[in-house]
Amino acid sequence: MIVDVHSHIMWYPDHVGEQWAREALASKLVKLKFSGGLAHAASLDLHSYDSTPETHWAAAQQTDKTIVFGLQAKATGTWVPNELIADYARQHPDKIVGWASIDPNEPEAIDQLDHAVNVLGLRGLKLGPAYQHFDPTDRRHWPFFAAAQRHGIPIIWHQGTTFPSRAKLRWSTALWLEDIALDFPDLRMIVAHLGHPWEEDLVALIRKAPNMYADISAVHYRPWRYWQAMVTAMEYGVTHKLLLASDFPSATIDNVIAGLRNVNAIVEGTRLPTIPSEIQERIIHENWKDALPELL
Ligand SMILES: [Zn+2]
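Not measured: the values here are computed from a predicted model. (Residues numbered from 1 in each chain as written. Predicted model: local features only at pLDDT ≥ 70, side-chain atom pairs only at ≥ 80, totals over all residues.)

**Re the nonpolar core**
Inside soluble globular proteins, nonpolar side chains tend to come together where they are buried. Membership of the largest hydrophobic core comes to 85 residues, with the highest contact counts inside it found for Ile190, Val191, Ile216, Leu243 and Leu244. The dominant element in this core, judged by the number of residues it contributes, is helix α9 (residues 223-235), at five residues. Those residues in contact with Ile190, other than ones at most four positions away along the chain, are Val5, Pro154, Ile156, Tyr213, Ala214, Asp215, Leu243 and Ala291. (Core = buried A, V, L, I, M, F, W, Y, C linked by C-beta atoms within 7 Å. Buried ≥ 20, exposed ≤ 12 C-beta atoms within 10 Å, placed from the backbone. Helix = DSSP H or I, 4+ residues; strand = E, 2+ residues; numbered from the N terminus. Contact = placed C-beta atoms within 7 Å.)

Structure, rendered in structure tokens:
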């Protein structure tokens, strides 16, 4: 079963501003250049990162289940209503799994989370300190994480670099999540994008944190880094914690699967180590079961 654990709905200009859209396009053009054609672009203008329920649903046909969320981040001018995600998920209950995004800086963040889970029926939470400008080690946010743990929902974290110039990268490496992993042992957490380009930090953390996983979205665009990250994950014995994900509209799941099956191409003809196909196929078909058994 193909499960995509990370995809988005958002579009310009309703949910993101012009600056975001311009910077998204610039980053998209670089990805298209190095990804060997394995990236998705809605268009090559300010709508390059648009993902509407219609285009998302078309892409989701490549999967058995797709997790989808928006992003609420006042600091970077992004705001996708959780109701939009919930409405869309409700229309396709067999395939689409809606998660919330909540800005932890909001004074009512815990109430918003309770509402998202209890009323809207959303089943996970997306956070991104780089976009939301918050320090994940700040104990003021502990009650919020405690609420997520109480609900039994997983959190997916954008820990890694990103393109908006207004993002703050200082809280973006995976190690900023270590205290949360220790203090909330029943809170499942997925770090997106292998924590790129700080993949070593990510591997070091998920190796020792039983409640932490990572997704492989948005890394196949950079074949040299991707191969290194996957070898690091293999040598530290954590490839069973890597989950398939598209980050649609960045890419489709077919793009990501093709990128993964092609991960060794860059070292072909050398004596450098390669990622065995059994490891690749487990990421594609199996690994989600341990992290997200509620989807079984
Ligand atoms: Zn994403």
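**Comments concerning the sheet that holds strand β2 (residues 65-69)**
Across the sheet, which stays open at both edges, the three strands sit in the order β1-β2-β5 with parallel pairing between neighbours. Edge positions in the open sheet fall to β1 (3-8) and β5 (96-98), since each of these has one partner strand only. Within this sheet the neighbouring strands show an average axis-to-axis angle of 30°, counted without direction. For β2 and β5, the ladder comprises three bridges, and the chain directions are parallel. Directly across from Val68, in β5, lies its bridge partner Gly98. Its contacts with the sheet put helix α3 (residues 82-91) on β2 and β5, and the angle it makes with β5 is roughly 150°. (Pairing = 2+ DSSP bridges. Axes fitted to C-alpha atoms, helices over the stretch in contact; angles between N-to-C directions.)

**Section: the packing of helix α4 (residues 109-118) against helix α6 (residues 142-151)**
Packing of α4 against α6 brings their axes to within 9 Å, and their N-to-C directions diverge by 15°. Between α4 and α6, the interaxial angle falls into the category roughly parallel. Once α4 is placed against α6, the crossing between them reads as right-handed. Each of Ala109, Ile110, Leu113, Asp114 and Val117 in α4 lies in contact with α6, whose residues at this interface are Pro143, Phe144, Ala147, Ala148 and His151. Of the residues that constitute the contact of α4 with α6, the class distribution is eight nonpolar, one polar and one charged. (Parallel < 35°, antiparallel > 145°, perpendicular 65-115°, else oblique. Left-handed = near helix turned anticlockwise from the far one by under 90°. Nonpolar A, V, L, I, M, F, W, Y, C, P; charged D, E, K, R; others polar.)

**Observations concerning unusual backbone geometry**
Cis peptide bonds are those with omega within 30 degrees of zero, and the linkage from Tyr12 to Pro13 qualifies with 0°. Looking at the element boundaries, Pro13 is found in the loop between β1 and α1 (18-34). Residues His196 and Pro197 are joined by a peptide bond in cis, for which omega reads 0°. Note on placement: Pro197 falls in the loop between β9 (189-191) and α8 (199-208). Here the phi dihedral of His133 falls at roughly 50°; this positive angle occurs in a residue that is not glycine. Following the sequence through the fold, His133 ends up in the loop between α5 (129-132) and α6.

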